[in-house]
Amino acid sequence: MERWDFVDDRDLQGWKGGCVCMTCLHFAYATDAHCHTMLGCNIRQRQLQQGDHLKKKCKLWAPTWQKEVGWAPEAG
């Protein structure tokens with residue numbers, strides 16, 4: 001994930017509600033060699049800017065199985 005570029009801001013839209021990047025099936029996170037958290041989208045294979053995972057989504061958003069059954073621990 002360290003070598004991934006960032007998601008183009010035009011691919012994301014501001015969103016209020018539970019359908020943000022963090023609750024998407026494709027959301028991923030990792031740490032770099034300096035223990036900094038990196039956030040990304042597995043389907044786009046691009047990183048997300050810090051904070052975008054909490055307030056933005058894209059048209060590729062797909063619910064996690066936890067979201068489908070009414071519980072998403074990653075959003076807690």
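For the structure itself, look to the data block above.
All of the points below concern the structure found in this document. Along each chain, residue indices are assigned from 1 in the same order as the chain's sequence is written. Residues qualify for local features only when their pLDDT is at least 70, as the model is predicted, and side-chain atom pairs are given and counted only at 80 or more; totals for whole chains, interfaces and linings, by contrast, use all residues. Computation of side-chain values covers all heavy atoms of the structure but excludes hydrogens and water.

Moving on, we come to the pairing of strand β3 (residues 37-41). Counted residue by residue, β3 has four buried out of five residues, so it is predominantly covered. Bridge count for strand β2 (residues 27-31) against β3 is five bridges, and the pairing is antiparallel. Looking at β3, one finds that Y29 is bridged to L39. Should DSSP find at least two bridges between two strands, the strands are taken to pair. Helix and strand assignments follow DSSP, with helices taken as H or I runs no shorter than four residues and strands as E runs no shorter than two, numbered in order from the N terminus. Between β2 and β3, which follow one another and run antiparallel, lie five residues, and C35 among them has a positive phi close to 65°. In this antiparallel pair of consecutive strands, β3 and strand β4 (residues 46-48), the connection spans four residues, and Q45 shows a positive phi of 50°. Exposure classes here rest on a 1.4 Å probe applied to the protein chains alone. A residue is buried below 20% of its type maximum, exposed above 50%, and partly exposed in between.

Once that is clear, we can look at the sheet that holds β2. Here three strands make up an open sheet; going across it, the order is β2-β3-β4 and the pairing antiparallel. Only two strands of the sheet have a single neighbouring strand rather than two, namely β2 and β4. The average angle at which neighbouring strand axes cross in this sheet is 45°, direction not considered. In the sheet, β3 pairs with β4 via three bridges, with the strands oriented antiparallel. Note on geometry: axes are lines fitted to C-alpha atoms, helical ones only across the stretch in contact, with angles between N-to-C directions running from 0 to 180 degrees.

Moving on to the pattern of salt bridges. A pairing counts as a salt bridge when a side-chain nitrogen of Lys or Arg comes within 4 Å of a carboxyl oxygen of Asp or Glu. Scanning the model with the defined rule gives five salt bridges in all. Close ionic contact of D52 with K56 constitutes a salt bridge, the shortest N to O distance being 3.8 Å. Like D52, the residue K56 is buried in the burial classification. Each of D9, D52 and K56 takes part in one network of salt bridges that share partners.

In short, shape yes, function no, at least from these values alone.
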